[in-house]
Amino acid sequence: MKRRSLYLIVVVALVLGMALPVATSVMASGIGGNKTTVQNPGDPQHPVDRYVIGQTIYYSLMIDNRSSTEDMIVKIRDRIPLDPATGDEIPGVTTTYWWNNDTSQWVLSDPDTPVTIPPDESWYGTFEYEIIEDGVLKHPVLDIDVWVNELLASGTQGPDTVNYAQAKTVRVIQPGIELQKDVTPGVAEVGQNVTYTFTITNTGDWPLENITIEDDKLPDPDLQAEIPGDLVLAEHGEEGDSHTFTYEYTIQEGDLPLENTATVWGTAEDFDPDIEVAVVSDTDEAEVTLDADPSIAIEKAVWDGEEWQY
């Protein structure tokens, strides 16, 4: 898988971060907030908090001034990604983005433009990032691949110092598929039947659906008919993680030698196939050669002056 490098200068989100009123009530002094993932209406959908490497993740952010009397003045930043075992930065991978309140953009160094949030109001913003392979690590307890990032705010609330940190963890699935294609007999002649055996195996950590197969020589509609339309391959190592079927073919005039390649596709279950990184594929080939009369081969041999070349 190609690894994507981080840009030296990045504008991650252009949505304004501003203090918006919330329901007024008498609240204790302090700071709060929230960080959630969102799916934009009209975008290809997928299971909540489930992503694939290379997919863009969208976050909704909030920093809440819980004082009824004091303004809160804070600098806002986001660290992405973090080590799920320790919460620490990953050397050479983690990047800190700072909110520039003058330009309403995320930048890579402290712009020293704190946000002022009036009493009982909140700052709202968005953040987006493409998941890279280097930042995906195993969860220490759940033993699944995850991606972690953290929203932070620090500053003052009247005479008091305030600090806020909210980490968000999502699961990153790594779908995979494998095709094995065999043919018997491997030597045949025109008019003879040969039998292809196809085995499709889920090699990833998430179920696969929308299993589709094509072959560059065999009739696709007939071949696809051998796969149930509702077939779901369980994640690798679980019962039902593979599907095997056979297909009989009659050798036609001009076929031999018959070299053909099949390709299979599968989509991570409940992921929209328009999310390209959620669709996986594999190919395999098989060959049937001509059962030729040795005398024919001799007639086609060429004398190079020293020996016959076949």
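Everything here concerns the structure above.
Here we summarise the structure given alongside this text. All figures in this text were calculated on a predicted structure; none of them were measured in a lab. (Residues numbered from 1 in each chain as written. Predicted model: local features only at pLDDT ≥ 70, side-chain atom pairs only at ≥ 80, totals over all residues. Heavy atoms only, no water.)

As for unusual backbone geometry
So the rule is basically this: In this description a helix means any DSSP run of H or I spanning at least four residues, a strand means any run of E spanning at least two, and both kinds are numbered starting from the N terminus. Using a 1.4 Å probe on the protein chains alone, a residue whose accessible area is under 20% of its type maximum counts as buried, one over 50% counts as exposed, and one in between counts as partly exposed.
Residue I80 is joined to P81 through a cis peptide bond whose omega torsion reads -15°. Along the polypeptide, P81 turns up in the loop between strand 5 (72-80) and strand 6 (95-100). For D120, which is not glycine, the phi dihedral falls at a positive 60°. Tracing the backbone shows D120 in the loop between strand 8 (115-117) and strand 9 (121-130). Given the relative accessible area of 7%, D120 is considered buried. With phi around 60°, D143 is a residue other than glycine that occupies positive phi space. On the basis of relative accessible area, D143 is assigned to the exposed category, the value being 54%.

Looking at the pattern of salt bridges
Where we set the bar: A pair is scored as a salt bridge if a Lys or Arg side-chain nitrogen falls within 4 Å of a carboxyl oxygen belonging to Asp or Glu.
For the coordinates displayed, the defined rule picks out nine salt bridges. With its nearest N and O atoms 3.6 Å apart, the salt bridge here joins D145 to K138. On the accessibility criterion, D145 (10% relative accessible area) is buried. Each of K75, D110 and D112 takes part in a single network of salt bridges with overlapping partners.

Observations regarding the pairing of strand 6
A regular strand places its side chains so that they alternate between the two faces of the sheet. As a reminder, the rule being used: Strands qualify as paired when DSSP identifies two bridges or more between them.
The element strand 6 is extensively covered by neighbouring structure, given that six of its six residues are classed as buried. In strand 6, alternate side chains face the same way, and those of T95, Y97 and W99 on one face and T96, W98 and N100 on the other are all buried. As paired elements, strand 5 and strand 6 share four bridges and run antiparallel to each other. Paired with I80 across the strands is T95, a residue of strand 6. Summarising the sheet, strand 6 and strand 7 (residues 105-107) pair through three bridges and their orientation is antiparallel.

By themselves, these figures tell us nothing about what the structure is for.
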